[in-house]
Amino acid sequence: MALKVGTEPWGEWTVLRVVGELDIATSPTVRQHVHDAVAEGRRHLVLDLSEVLFCDSSGVGVLVAARRLMRSCAGELRLILPARGAEDGSHVNRVLAALGVRRLFDCYPDLPSAAGEKGTPLSA
């Protein structure tokens with residue numbers, strides 16, 4: 001499945017909606033979108049991964065690099081993952097948990113909670 005990345009503003013947040021498979025072939029596209037957002041002065045970034053069907057280690061690498069980049073410019077990165085937990089089929093949740101990096105990210109079940117001031121992250 002081809003990867004699609006859409007960008008939309010949501011208040012002070014920039015939302016990158018990622019759809020498809022996040023793997024070695026497609027992760028450079030997501031990386032470029034993150035870099036473009038930062039180059040445009042965006043410092044509050046939400047990656048909506050709710051429609052990512054597959055994520056390999058290169059995709060995880062892009063997420064970790066995006067986190068590092070946002071922190072280096074005093075920005076903030078939040079992830080949207082399906083409300084389902086790692087045990088019941090959310091592929092990105094399972095991959096992040098298996099690699100031991102899930103705790104590095106602030107994850108939310110949907111866009112209103114991710115972009116809202118009162119949003120509470122999902123527990124790891």
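Residues numbered from 1 in each chain as written. Predicted model: local features only at pLDDT ≥ 70, side-chain atom pairs only at ≥ 80, totals over all residues. Heavy atoms only, no water.

Participant: Which residues make up the packing of helix 1 (residues 27-39) against helix 2 (residues 57-72), and what are the values?
Facilitator: Running from N to C, helix 1 and helix 2 point in directions that differ by 10°, and their axes come no closer than 9 Å. Put simply, helix 1 runs roughly parallel to helix 2. Where helix 1 abuts helix 2, its residues Ser 27, Val 30, Arg 31, Val 34, His 35 and Val 38 lie against Ser 58, Gly 59, Val 62, Ala 65, Ala 66, Leu 69 and Met 70. A class-by-class count of the residues in the contact of helix 1 with helix 2 yields 8 nonpolar, 4 polar and 1 charged. (Axes fitted to C-alpha atoms, helices over the stretch in contact; angles between N-to-C directions. Helix = DSSP H or I, 4+ residues; strand = E, 2+ residues; numbered from the N terminus. Parallel < 35°, antiparallel > 145°, perpendicular 65-115°, else oblique. Contact = heavy atoms within 4.5 Å. Nonpolar A, V, L, I, M, F, W, Y, C, P; charged D, E, K, R; others polar.)

Participant: An account of empty space enclosed by the protein is requested, with residue identities and associated values reported.
Facilitator: In total, this model carries 1 cavity of 30 Å³ or more according to the counting rule given. Of the pockets and cavities examined, the largest cavity occupies roughly 50 Å³. Every residue lining the largest cavity is listed: Arg 31, Val 34, His 35, Val 62, Ala 65, Ala 66 and Leu 69. Of all the secondary structure elements, the ones that give two or more residues to the lining of the largest cavity are helix 1 and helix 2. Ranked by the residues each element gives to the lining of the largest cavity, the list is headed by helix 2, at 4 residues. Partitioned by chemical class, the residues of the lining of the largest cavity number 5 nonpolar, 1 polar and 1 charged. (1 Å grid on protein atoms, 1.4 Å probe; cavity = no way out; pocket = protein on both sides within 12 Å on 5 of 7 lines; lining within 4 Å. Points joined across faces, edges and corners; volume = space filled by probe spheres on them.)

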